[in-house]
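# Overview (structure and organization)
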2 protein chains.
Amino acid sequence: MHSQLSRASSKASKMNFTLNVLGTASALPTTERYPSAQVLDVRGRLFMIDCGEGAQIRMRKAKVSFLKIEHICLSHIHGDHLFGIFGLLSTMGMLGRSSVLNIYAPGSFAPVLDFFMTHFGDGIKFEINHVVLDMSEPLKVYENRTVELLAFPLRHRVETFGFIIREKMPSYNVHKEAIAKYGLTVAEIGRLKAGEDVVRSDMVISRDEAAYLPYEPRSYAYCSDTAPFPELACWVKGVSLLYHEATYPAEMSEMAEKNYHSTTLQAARTALEAGVGRLLVGHYSSRFPSVDFYLDELRTIFPDSDLAHDGDVVEIPYIRNL
Amino acid sequence: MHSQLSRASSKASKMNFTLNVLGTASALPTTERYPSAQVLDVRGRLFMIDCGEGAQIRMRKAKVSFLKIEHICLSHIHGDHLFGIFGLLSTMGMLGRSSVLNIYAPGSFAPVLDFFMTHFGDGIKFEINHVVLDMSEPLKVYENRTVELLAFPLRHRVETFGFIIREKMPSYNVHKEAIAKYGLTVAEIGRLKAGEDVVRSDMVISRDEAAYLPYEPRSYAYCSDTAPFPELACWVKGVSLLYHEATYPAEMSEMAEKNYHSTTLQAARTALEAGVGRLLVGHYSSRFPSVDFYLDELRTIFPDSDLAHDGDVVEIPYIRNL
C-alpha cells in the first residue's frame, strides 16, 4: 500500500507527512509481521513510534535515516514495543550520532535505559533525554515551529500512552480582494492572519470571507495498546490519520476485554466517533496469518479503514489552498 | 547454499547434523545480514549459538522450532550476539514452554538475565539455567548419550567463548569374518568395540583390521569473535565444520588486530592448521555489501572454504560404514 489520504496531493517532498509502518505484529511476531514500530516523517523530521525487535533492520529496508530520528515515542514497556531499542541505540552510537535523542516513555522505561547504558552504553556519545510520561489527558510534550507532539494515556495492562503528532495551525492568508474592498488596516490584517474576525463599529468582516488557510494542517494519532474508553474519541478528534490497534476480530471481544486490547469494531467505532480522516489498524493477533477479514468488519462501521502491513508507506498529502 | 560436507550422504533425517545460519552481520546489520545467530540441529536436538536481534524471526522463516531449543550458547555479551535473547525468551514463555533451558554464557550474562526476569519475566514459567563459562581451555559443559558440548576461551575485547558440538565416538562394529578367523571371545570383542587392539600372548589383532566405526562422528566448532591465537587450531583440531569469524579482508589486518577480530587469511590459516573438514566464515564488516572477494582470499590458503549467508542450511552428512 502506498496510498494517499485525500483527493489532492502535492509533490513538494519538503512538505511530506509520511508514515512508515515497520511492524504490525502483536506479542508474537510471524514471518510476515515484525513487532510494533513506525516512523513518521514530518517535513524531514523523523518521529519514531514504538521500537519492536528488528526495527533497525526494517528501517534500513525502508531507507529511513537513523541519524534523522530526533524523537522516539514508546507507548509502554512491553517487549513487543521495545526490544528493538537496544540495537537501534547501539547502531546510532556506532554511526557516530552526537545530537540529543528524546525518548518519550513511561517512568518504567528508566530502569530499562539504565540497564542499557550500564552494560551496553560505552559507544553512546550522545545525550538521551528520557521525557517521563505521566499525564492523565492529552499534553504537549514537544513542539517546534511547525509541529507539536502530544501524549495521552491509553487503557492497557500496564501504564501505556498514545501520541498525536500534528502540524500547527498556520497563519491565515488574507485575500487581496478583501484588503482592497474593506481598506483593511495593518492591525486588521494581523487579526485575520491570527484567525480572528475583524469587528468594526459598523460591521464585522468575517475571517472565513476575508482569509483562508494556506494549507490544511495534518495530524496523526497512534493508539496501541488499548481497550476502548469513552474519552479516546474526543482526544483524537478530527485527526487526518488514526492508527488504532485491532488485535482481535469482532467475535473475540471477550479476549480483547480480558487482555485490555481492542477488536476491529471497537477501533472503527472510535474512528467514527472521532470523525477522523482515515483509520489504519494493526497489532494483529498471530492466530490469523491473514487478517483480510478484519477489513470487512472495520468497514461496516467506518468505510475509510485500511489494514496496515509491514513495509507500508502511507502519505498524508499536503493540500495547498490557492 | 544448501550443501554437503562430504562425498557420501544419508537421507536418515533422524541422524541429521544441520547448521542453520540465521545471521552473518558484525556490529552493524545490513538489509541482507542480521546479527549473529545460528541453530545446530543434531539428530533433532537443537543448540542455538548466539542470539542477535531478530533471531526469533529468522528462526520462524527457517522453520526452526522454538520449543526444541534445549541449549543456547552465548559467546559474549556484545549486543550483536545477544539482543535477540529477550524476544526469544518472551516468545518461548508465550508458547507455553515448560522444559528447562540451558544458557551457556560468561558471568557477565547474569545481570542481563536478572534485568530480563525482573522487568519482562512474568510470562516465563520455565527454568533458565545459566551455566557460567570461565574455563581457560576446552571443557565439556554438557553431554547426553550421543552428543557433547565443549566451550573454550577466545581472544576478544571482552570475555568471549567458542563452542564445539560433537557426536561422541560410537562403539566399533567387529567384522564377522574376524570373529570367525580369530575365534574371538566375548571379552576380546568387547575390547575391539571399545576401540582397543586385542593383545594375545602370541599375536596382536589390530582394531583397524578387525573392526570399523559404524559411522563417522561429526563435529562443529564456532569461533566468533576472536583475534587469532596459537592454541585455537589445536582446540578445534579435525572438526568436520569450522565456523570462524572473518570480519575483515586480508588488507585490513591492522583494523582486525586493533578490534580483536580476524581477517580472511587468519581464519583460513587456523582452518589449515587444525585440519578441519571445511571452513565457513561470517561476521562480515558492514563496509562490504558484497563479500564475494573474501572467498578468493580464503581459498588461497584453505580450498574447502565457503562464505556463510543468512538463511544458509549446511548439512554435515551421516556417513555410514558398511
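Residues numbered from 1 in each chain as written. Chains lettered and ligands numbered in written order. Predicted model: local features only at pLDDT ≥ 70, side-chain atom pairs only at ≥ 80, totals over all residues. Heavy atoms only, no water.

Looking now at the overall build of chain A. From N to C terminus, chain A includes 10 helices and 19 strands. For chain A, whose C-alpha radius of gyration is 21 Å, the value lies close to the compact-globule estimate of 20 Å for 322 residues. Seen through its principal axes, chain A has C-alpha atoms that stretch 70 × 50 × 35 Å. For chain A, the proportion of contacts with a sequence separation of at least 24, taken over those separated by at least 6, is 65%. If you sum the accessible surface of chain A, you get close to 13,500 Å²; carbon and sulfur atoms cover 50% of it. Each charge class in chain A was averaged separately, 33 positive and 38 negative side chains, and the resulting centres sit 8 Å apart. (Helix = DSSP H or I, 4+ residues; strand = E, 2+ residues; numbered from the N terminus. Rg over C-alpha atoms; globule rule 2.2 N^0.38 Å. Contact = heavy atoms within 4.5 Å. Areas by Shrake-Rupley, 256 points an atom, 1.4 Å probe, with all protein chains shown as cover. Lys, Arg positive; Asp, Glu negative; His and termini not counted. Charge placed at Lys NZ, Arg CZ, Asp CG, Glu CD.)

We now examine helix α2 (residues 85-94) of chain A. All names here are of chain A. α2 sits mainly inside the fold: nine of its 10 residues count as buried. Listed as buried for α2 are Ile85, Phe86, Gly87, Leu88, Leu89, Ser90, Thr91, Met92 and Gly93. Just downstream of α2, Gly96 is the residue with a positive phi angle, here 85°. (Buried < 20%, exposed > 50% of the residue type's maximum accessible area, 1.4 Å probe, protein only.)

Okay, the sheet that holds strand β9 (residues 147-153) of chain B next. All names here are of chain B. Spatial strand order, β8-β9-β10-β15-β16-β17-β18: seven strands in an open sheet with mixed pairing. Each edge of the sheet is formed by a strand with only one pairing partner; in this case those strands are β8 (139-143) and β18 (305-307). Going across the sheet, the axis of each strand differs from the next one's by a mean of 20°, ignoring polarity. Judged from the five bridges that link them, strand β16 (residues 241-245) and strand β17 (residues 278-282) form a sheet pairing that is parallel. Opposite Tyr243, over in β17, you have Leu280 as the bridge partner. Lying on the sheet, helix α9 (residues 264-274) is in contact with β16 and β17; it crosses β16 at an angle near 155°. The strands touched by helix α10 (residues 292-301) are β17 and β18; relative to β18, the strand with the most contacts, the crossing angle is about 170°. (Pairing = 2+ DSSP bridges. Axes fitted to C-alpha atoms, helices over the stretch in contact; angles between N-to-C directions.)

Here we take up the relation of the copies chain B and chain A. Screw-axis analysis of chain B against chain A gives a translation of 0.0 Å along the axis, an RMSD of 0.1 Å, and a rotation angle of 180°. What the rotation and shift describe, once combined, is the action of a two-fold rotation axis. Relative to the rotation axis, the C-alpha of Gly54 of chain B is the closest in chain B, positioned 2.6 Å from it. Here 100% of the contact residues of chain B are again contact residues in chain A; the copies associate through an equivalent surface. (Least-squares fit on C-alpha atoms with pLDDT ≥ 70 in both.)

Residues and elements named next belong to chain A. The strand order across the open sheet formed by seven strands is β8-β9-β10-β15-β16-β17-β18, and the pairing between neighbours is mixed. Among the strands making up the open sheet, the edge pair consists of β8 (139-143) and β18 (305-307). On average, adjacent strands in this sheet sit at an angle of 20° to one another, irrespective of strand direction. Bridging between β8 and strand β9 (residues 147-153) involves four bridges; their strand directions are antiparallel. Within β9, the residue paired with Tyr142 across the bridge is Leu149. Of the strands in this sheet, β16 (241-245) and β17 (278-282) touch helix α9 (residues 264-274), which is tilted by about 155° from β16. Sitting on the sheet, helix α10 (residues 292-301) is in contact with β17 and β18, with an inclination near 170° to β18.

Next up on the list: the packing of α2 of chain A against helix α3 (residues 110-120) of chain A. Residue and element names in this part refer to chain A. Close contact between α2 and α3 brings their axes to 11 Å; oriented N to C, the two are set at 45°. Considering their axes alone, α2 and α3 lie oblique with respect to each other. Considering the relative orientation of α2 and α3, their crossing is right-handed. Residue-level inspection shows Phe86, Leu89 and Ser90 of α2 in contact with α3, the latter providing Val112, Leu113, Phe115 and Phe116. When the residues that make up the contact of α2 with α3 are grouped by side-chain class, the tally is six nonpolar, one polar and no charged. (Parallel < 35°, antiparallel > 145°, perpendicular 65-115°, else oblique. Left-handed = near helix turned anticlockwise from the far one by under 90°. Nonpolar A, V, L, I, M, F, W, Y, C, P; charged D, E, K, R; others polar.)

Quick look at the interface of chain B and chain A now. The interface of chain B with chain A comprises 32 residues on the first partner and 32 residues on the second. Approximately 2,700 Å² of surface area, both sides summed, lies buried where chain B meets chain A, with 73% of it carried by carbon and sulfur atoms. Counting across the chain B and chain A interface gives zero salt bridges. For the pair chain B and chain A, the number of links is seven residue pairs in polar contact (both at pLDDT 80 or more). If you list the elements that add at least two residues to the side of chain B that touches chain A, you get α1 (55-61), α2 (85-94) and α3 (110-120) of chain B. Residues of the side of chain B that touches chain A, tallied by class, amount to 18 nonpolar, 11 polar and three charged. (Buried area = accessible area lost by both parts, 1.4 Å probe. Salt bridge = Lys/Arg side-chain N within 4 Å of Asp/Glu carboxyl O. Polar contact = N/O pair within 3.5 Å; in protein donor to acceptor, adjacent residues only side chain to side chain.)

In this section: the side chain of Ser26 of chain A. Residue and element names in this part refer to chain A. Note that Ser26 resides in the loop between β2 (17-23) and β3 (37-42). With a relative accessible area of 7%, Ser26 lands in the buried category. There is a polar contact of 2.9 Å between the side chain of Ser26 and the backbone oxygen of Tyr284. When neighbours within four sequence positions are excluded, Ser26 is seen to be in contact with Asp80, Thr247, His283, Tyr284, Ser285 and Ser286.

What follows concerns unusual backbone geometry. Here the amide bond leading from Ser224 of chain A into Asp225 of chain A is cis, since omega sits at 0°, within 30 degrees of zero. Positionally, Asp225 of chain A belongs in the loop between β15 (219-223) and α7 (231-235).

What follows deals with the nonpolar core. Within the largest apolar cluster, 66 residues are counted, with the highest numbers of intra-cluster contacts made by Met48, Phe86 and Leu89 of chain A together with Met48, Ile69, Phe86 and Leu89 of chain B. Ignoring sequence-local partners within four residues, the contact set of Phe86 of chain B consists of Phe83, Phe86 and Phe115 of chain A together with Val112, Phe115 and Phe116 of chain B. In this structure, Val42, Phe47, Ala256 and Ala274 of chain B belong to the second largest nonpolar core, which totals 59 residues. (Core = buried A, V, L, I, M, F, W, Y, C linked by side-chain atoms within 4.5 Å.)

Interpretation in functional terms is not warranted from these geometric data alone.
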